[in-house]
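Residue-level structural notes
Below are the chains, spelled out letter by letter.
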Amino acid sequence: MNDIDEMFSPQGFRRHGHALIDLLADYLAASLAGEGKVIDWKPPVQATLDWQQPLPQSAAMDADGLLDALRDHILPAGLAIHHPRNLGHQVSAPLPMAALCDLVASLTNQAMAVYETGPAATLLERQVVRWLTELIGWNGAEGVLTSGGAQANLTALLAARQQMAGWDVWKEGVSFGPSLRILASEHAHYSVSRAAGIMGLGINAVSRVAANDQGRMSVAALMEAHRQAIDSGCRVMAVVATAGCTPTGSIDPLAEIGAYCQRHRLWLHVDGAHGASALLSPGYCERLRGIELADSVVWDGHKLLYMPATVSAVLFRNPAHSYAAFAQEASYLFHGESSADQACNVSYRTLECTKRMMGLKLWAAFSLYGATGLGALVERVFATAEQLAARLAAAPDFELLMPPQTNIVVFRHGRTGQAELRQKIVESGAFHLTQVNLGGNVWLRTTVMNPFTAERDLEALLDSIRHASADM
Ligand SMILES: *Cc1c(COP(=O)(O)O)cnc(C)c1O
């Protein structure tokens, strides 16, 4: 075989693929069983020293060497995402079958800019989008999958602006009319401000609405911010409510905010990147009551839908609004098809041109486990978060910030030194957890993403924090 044949060899793919799956299955088993460290911490400056090899001009290893490097150097230097003591960020412990689907997406590389670069990929995506909109309680709604919630928020806000500004912003630009404002909770994700910056509004165009002591947007403060915007001659292009805010997982009062927005004809965007998956749970979906009043919703698959990154959905109640964000012509891609056919060219509605086939893994998960099966994962981690909160509330040496509304639990041990405490624990590799700055104080923050995190892990977390604290 010559070199190029070798690179694309189906036999090689088969052989190394089987070996790779064996390797990953062992990795998964060890992680789920809680073997080894959650993270083998090295400061980045030191870790960088291991990665200073010169650019290989010719082959530096064979496929077996690659698998060895994965097993011995690369996987152990990662964050063990399936480890039951990984309690840090809001990233899913992905379903193994979804990961296999991502391999399909990689090998087949369906570009998806237009229907003919990924016919099946497009139809799978439309099917999945329809399922998600049905879970919200919408009928005939549309949307697209994007690479992440940050981009999904930008897409929704671009559509809101085009729809609500009162002029064609896409054509005339932002300076053509009055200043535009976005009203968002003080706990809204940074991607909302970033979207305002990208859109040329300036990040000061986001009015930060105060939240109450449970982290939920105050509707009185929202009304006040709305009045102030009008008084200063601005036009409100969107209200952004968050369902599962990043610092504390709190869910804004969607029904009240929705009613207010309807009364005043305001565009309501619900950033449900984290929390929208509670719609799958009969026990917790009530917490999202009012989400159906939104004009647009963002929902991350790679958080509580247990998908590998990235897959997010931006969904529009009014299907026509799904075209508002990018009101652009590109004759080399789009040939003036009828609107039913147009709907299948996803790049009319996304920032991305080439994009990954993201629908397959979600379609597969819904098909394999059903909404009930995926909902059970959500219920499990929400319940574990409640158990952790109960333990913390009962422990005299811990302070729980608030009862969790989702799977994020914020607390502290003592009043000061939380950042040092966290660092000690992360560096020990026993747990991964994060911290959050609220009202000038640092708190410890855990996100229960793993359905295998058990009571004994929670107990060990409290003990580990106590030990670290005693050592300081
Ligand atoms: C995670 C998150 C985002 C950002 O989404 P990515 O998928 O990380 O780009 C935005 N908003 C909220 C509320 C989130 O939880």
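Let us look at the structure shown here. (Residues numbered from 1 in each chain as written. Predicted model: local features only at pLDDT ≥ 70, side-chain atom pairs only at ≥ 80, totals over all residues. Heavy atoms only, no water.)

Moving on, we get to the packing of aromatic side chains. How two aromatic rings sit relative to each other is given by the distance of their centres and the angle of their planes. Under the counting rule described, the total for this entry stands at seven aromatic pairs. Where tryptophan 170 meets phenylalanine 326, the ring centres are 6.1 Å apart and the plane angle is 90°; that geometry is what we call edge-to-face. Of this pair, tryptophan 170 sits in helix 8 (residues 169–172) while phenylalanine 326 sits in the loop between strand 7 (312–316) and helix 12 (339–342); the two residues are 156 residues apart in sequence, bridging distant segments of the chain. For phenylalanine 326, a relative accessible area of 11% puts it in the buried group. (Phe/Tyr/Trp six-rings, centres within 6.5 Å; stacked < 30°, edge-to-face > 60°. Helix = DSSP H or I, 4+ residues; strand = E, 2+ residues; numbered from the N terminus. Buried < 20%, exposed > 50% of the residue type's maximum accessible area, 1.4 Å probe, protein only.)

Among the six residues of strand 9 (residues 408–413), six are classified as buried, and the element is accordingly described as predominantly covered. With burial as the criterion, each face of strand 9 is covered, one bearing Ile408, Val410 and Arg412 and the other bearing Val409, Phe411 and His413. Sheet analysis places strand 8 (residues 398–400) next to strand 9, joined by three bridges and oriented antiparallel. If you follow leucine 400 over to strand 9, its bridge partner there is phenylalanine 411. (Pairing = 2+ DSSP bridges.)

Its 36 residues give helix 13 (residues 359–394) an end-to-end C-alpha distance of only 43 Å, which falls more than 12% under 52 Å, the value for a rise of 1.5 Å per residue. If you look at helix 13, its biggest bend is around 95°, right at glycine 370. (Expected span 1.5 Å × (residues − 1). Bend = angle between axes of the 7 residues up to and from the residue.)

Applying the stated rule across the entire model yields 22 salt bridges. In this structure, aspartate 457 and arginine 85 form a salt bridge, with 2.8 Å as the shortest nitrogen-oxygen distance. With aspartate 457 in helix 15 (residues 455–471) and arginine 85 in the loop between helix 4 (63–74) and helix 5 (96–108), the pair connects residues that are 372 residues apart, well separated along the chain. Judged by relative accessible area, aspartate 457 falls into the buried class, the value being 4%. (Salt bridge = Lys/Arg side-chain N within 4 Å of Asp/Glu carboxyl O.)

Another aspect to go through is the sheet that holds strand 5 (residues 268–271). With mixed pairing, seven strands are arranged side by side in an open sheet as 1-7-6-5-4-2-3. The open sheet has two edge strands with one neighbour each: strand 1 (142–146) and strand 3 (206–209). Each strand of the sheet is rotated relative to its neighbour by a mean of 20°, with strand direction disregarded. Taken strand by strand, helix 6 (residues 119–136) contacts strand 1, strand 6 (296–300) and strand 7, and its axis lies near 115° from that of strand 1. (Axes fitted to C-alpha atoms, helices over the stretch in contact; angles between N-to-C directions. Contact = heavy atoms within 4.5 Å.)

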